[in-house]
Amino acid sequence: MRRIGAPRLRSCQKEFRLSLSTLSPGHARDALRRATRDAHDAVDATFGQFDLGDASSYRAFLIAHARVVPALEAWLDAHQLEAFSGWRDARRGPALLADLAALGEPVPPTVAIDLPDDIASVCGATYVLEGSRMGGALLSRRVPAALPSAYLGAPSQSALWRAFAADLDRLLPDAQAIDRAGAAALGTFALFGKAVAAR
């Protein structure tokens, strides 16, 4: 499985800083999306190697996510997640662990969350975590009906995503804040890559 190595991560960070020179006010989400595109694509390619129609591969897919998502949500709980309207009620960690339990799988060890605890970094980590919800709805269609899919099938809640985009503009008012958020987003993508490599 391909993971995001340190040289690639540094390259993404450099590209992110360069992208800030063209940043328009009020588009923090768009800036994060553009600047983390390569890291996002790398993680998508890594997880795309799992066959969600195969029970064993799907199980491994969920285990990899479970190495990150519950720990990341707990970290966000402890670091100003209340800054985002409604996000506490949108957590998917419990659904993920319920899917694993239905498959007879124990909770796997989690990766260490080593991110700065400022609000900009919280924004970056939340951007990655909640952005994955959007793709989950599409991926859930590949899971056979006989397998549990509460995690991937969690509603995307487009109204909540729009509110989150507005929160990003409010909480990331300048290029420096967006730079910190971008670094945390890249670090969060790297956590997912590490979780797959730990299999």
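The coordinates are above.
All of the points below concern the structure found in this document. Owing to the predicted nature of the structure, the values given are computational and were not obtained by experimental measurement.

### Quick notes on the packing of aromatic side chains
- A complete count under the given rule lists five aromatic pairs for this structure.
- Arranged with centres 5.8 Å apart and planes meeting at 35°, the rings of Phe 47 and Phe 50 form a pair that is tilted. Of the two residues examined, Phe 47 and Phe 50, each falls in the buried class.
- Ring centres 6.5 Å apart and planes at 15° place the aromatic pair Tyr 58 and Phe 61 in the stacked group. Remark: Phe 61 and Tyr 58 occur in helix 4 (residues 55-66); sequence separation between them is three residues, near one turn of the helix. As far as the burial class goes, Tyr 58 and Phe 61 line up, both buried.
- Members of the aromatic cluster, joined through ring pairs, are Phe 47, Phe 50, Tyr 58, Phe 61 and Phe 192.

### Concerning helix 5 (residues 69-77)
- Residues Val 69, Ala 71, Leu 72, Glu 73, Trp 75 and Leu 76 constitute the buried set of helix 5.
- In this structure, the buried residues of helix 5 make contact with helix 4, helix 6 (93-102), helix 7 (119-139) and helix 9 (175-197).

### A short note on helix 7
- Over its 21 residues, helix 7 extends 30 Å from the first C-alpha to the last, a length consistent with the 30 Å expected when each residue adds 1.5 Å.
- Where helix 7 bends most, the angle comes to about 25°, and this point is Arg 133.
- One side-chain oxygen of the residue at the start of helix 7 lies 3.2 Å from the amide nitrogen of Ala 120, identifying that residue as Asp 118.

Basis of the calculations
Residues numbered from 1 in each chain as written. Predicted model: local features only at pLDDT ≥ 70, side-chain atom pairs only at ≥ 80, totals over all residues. Heavy atoms only, no water. Phe/Tyr/Trp six-rings, centres within 6.5 Å; stacked < 30°, edge-to-face > 60°. Buried < 20%, exposed > 50% of the residue type's maximum accessible area, 1.4 Å probe, protein only. Helix = DSSP H or I, 4+ residues; strand = E, 2+ residues; numbered from the N terminus. Contact = heavy atoms within 4.5 Å. Expected span 1.5 Å × (residues − 1). Bend = angle between axes of the 7 residues up to and from the residue. Polar contact = N/O pair within 3.5 Å; in protein donor to acceptor, adjacent residues only side chain to side chain.

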